[in-house]
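# Close look at the chain arrangement
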Amino acid sequence: SQQGEEDPQALSIQEGENATMNCSYKTSINNLQWYRQNSGRGLVHLILIRSNEREKHSGRLRVTLDTSKKSSSLLITASRAADTASYFCATDPPIMNRDDKIIFGKGTRLHILP
Amino acid sequence: SAVISQKPSRDICQRGTSLTIQCQVDSQVTMMFWYRQQPGQSLTLIATANQGSEATYESGFVIDKFPISRPNLTFSTLTVSNMSPEDSSIYLCSVTSGNTIYFGEGSWLTVV
């Protein structure tokens, strides 16, 4: 199975600074997605980047994908207290079949300091 | 997109009892997924629920412990049976729409 592995596991930064999280995976993918999870809540989809894309923006979010290195990064610019959450990457395999599943990494816990 | 309602959102359960979690989607979907997230951990897929057929369980999860119902294309239930403290987790229902997974708010179970 494939798996995203985020790093760092935890990150604390001052409000207003940029936060960068990385995700590595093992085999080829169709898409890579980033999710946010506030403490004890469900996951919220942030952004999807396809395997043929290299960079994508959404508001203060910037995602890059390097398929040669099997890695992705999520950049949150001008961080806010509300960005405090865990961030997960998830990969899905290139071939959809009955046993297809999306695998989540362990997440990066981001804490924005006031 | 899809909007998922999940309940209960939180419960404290006595060991040895069972609890059923409900998941309602605002649109018809073929597959619904149940995940478990233990404290401080990532999400682990428990099973995939298809309407009209038995759920497909992942390695380490069995039907006797986590029976699932899928009576129609917008609803599913997951039962956590004979609970022990190790079952204390967030249980999440999800569906796919296009290439995106959408999640319910989760059911946070604490077994005492």
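Rules used throughout
Residues numbered from 1 in each chain as written. Chains lettered and ligands numbered in written order. Predicted model: local features only at pLDDT ≥ 70, side-chain atom pairs only at ≥ 80, totals over all residues. Heavy atoms only, no water. Helix = DSSP H or I, 4+ residues; strand = E, 2+ residues; numbered from the N terminus. Contact = heavy atoms within 4.5 Å. Polar contact = N/O pair within 3.5 Å; in protein donor to acceptor, adjacent residues only side chain to side chain. Disulfide = S-S within 2.5 Å. Buried < 20%, exposed > 50% of the residue type's maximum accessible area, 1.4 Å probe, protein only. Core = buried A, V, L, I, M, F, W, Y, C linked by side-chain atoms within 4.5 Å. Salt bridge = Lys/Arg side-chain N within 4 Å of Asp/Glu carboxyl O. Pairing = 2+ DSSP bridges. Axes fitted to C-alpha atoms, helices over the stretch in contact; angles between N-to-C directions.

All right, on to the environment of Tyr-35 of chain A then. Considering the arrangement of structural elements, one finds Tyr-35 of chain A in strand β4 (residues 31-37). Counting along the chain gives 52 residues from Tyr-35 of chain A to Tyr-87 of chain A, while the straight-line C-alpha distance between them is 5.6 Å. If sequence neighbours within four positions are ignored, Tyr-35 of chain A has contacts with Leu-43, Val-44, His-45, Leu-46, Ser-86, Tyr-87, Phe-88, Ala-90 and Phe-104 of chain A together with Thr-100, Ile-101 and Phe-103 of chain B. Separated by 3.1 Å, the side chain of Tyr-35 of chain A and the backbone nitrogen of Ile-101 of chain B make a polar contact.

As a further point, take the side chain of Thr-100 of chain B. As for its position among the elements, Thr-100 of chain B is in strand β10 (residues 100-103). Every residue in contact with Thr-100 of chain B, bar those within four places of it in the chain, is listed here: Gln-33, Tyr-35, His-45 and Leu-48 of chain A together with Val-95 of chain B.

Once that is clear, we can look at the state of the cysteines. Taken as a whole and judged by the stated rule, the model has two disulfides over all chains. Two residues, Cys-23 of chain A and Cys-89 of chain A, share a disulfide whose sulfurs are 2.0 Å apart. Between Cys-23 of chain A and Cys-89 of chain A the disulfide shows an S-S torsion of about 70°. By sign, it is right-handed. Taken together, the positions of Cys-23 of chain A in strand β3 (residues 19-24) and Cys-89 of chain A in strand β9 (residues 85-92) put the pair 66 residues apart, joining distant regions of the chain. Using a relative accessible area of 0% as the deciding quantity, one classes Cys-89 of chain A as buried. Looking at the unpaired Cys-13 of chain B, the closest cysteine sulfur is the one in Cys-23 of chain B, lying at 18 Å.

In this structure, Trp-34, Ile-46, Phe-66, Ile-68, Leu-78 and Tyr-91 of chain B are the most contacted members of the largest nonpolar core, which totals 26 residues. Take this core: its biggest share by element is four residues, from strand β3 (residues 19-25) of chain B. If sequence neighbours within four positions are ignored, Ile-46 of chain B has contacts with Trp-34, Tyr-35, Arg-36, Thr-56, Tyr-57, Glu-58, Phe-61, Phe-66, Leu-78 and Tyr-91 of chain B. If you look at the next biggest cluster of nonpolar residues, it comprises 21 residues, including Ala-19, Met-21, Cys-23 and Ala-85 of chain A.

Attention now moves to the pattern of salt bridges. Residue and element names in this part refer to chain A. Using the criterion set out here, one finds five salt bridges over all chains in the structure. For Glu-53, the salt bridge goes to Lys-56, with nearest N and O atoms at 3.9 Å. The class of Glu-53 is partly exposed, set by a relative accessible area of 24%.

Turning our eyes to something else, we now look at the pairing of strand β7 (residues 61-66) of chain A. Residue and element names in this part refer to chain A. Sheet topology note: the strand β6 (residues 55-58)/β7 ladder contains four bridges and is antiparallel. Across the sheet, His-57 pairs through a bridge with Arg-62, a residue of β7. Adjacent in sequence and paired antiparallel, β6 and β7 are bridged by two residues, among which Gly-59 carries a positive phi angle near 60°. Sheet analysis places β7 next to strand β8 (residues 71-76), joined by six bridges and oriented antiparallel. Within β8, the residue paired with Arg-62 across the bridge is Leu-75. What sits between the antiparallel neighbours β7 and β8 is a turn of four residues, in which Lys-70 has the positive phi angle 55°.

Here we come to the sheet that holds strand β8 (residues 75-80) of chain B. Residues and elements named next belong to chain B. Taken together, four strands build an open sheet; the order of strands is β1-β3-β8-β7 and the sheet is antiparallel. Both edges of this open sheet fall to β1 (4-7) and β7 (68-72), since each of them pairs with a single strand only. Across this sheet, the average inter-strand angle for adjacent strands is 15°, counted without regard to direction. The pairing of β7 with β8 spans three bridges and is antiparallel. Across the sheet, Ile-68 pairs through a bridge with Leu-78, a residue of β8.

Residues and elements named next belong to chain B. With respect to the helices, strands and loops of the structure, Thr-48 is situated in strand β5 (residues 44-50). On the accessibility criterion, Thr-48 (10% relative accessible area) is buried. As for Thr-48 and Cys-93, which are separated by 45 residues in sequence, their C-alpha atoms are 9.9 Å apart. Each residue touching Thr-48, except ones within four places of it in the same chain, is listed here: Met-31, Met-32, Phe-33, Ala-55 and Thr-56.

A few words on unusual backbone geometry. Look at the link from Lys-7 of chain B to Pro-8 of chain B: it is a cis peptide, with omega at 5°. Along the chain, Pro-8 of chain B falls in the loop between β1 and β2 (10-13). In this structure, Lys-70 of chain A takes a positive phi of about 55° despite not being glycine. By the secondary structure assignment, Lys-70 of chain A is in the loop between β7 and β8.

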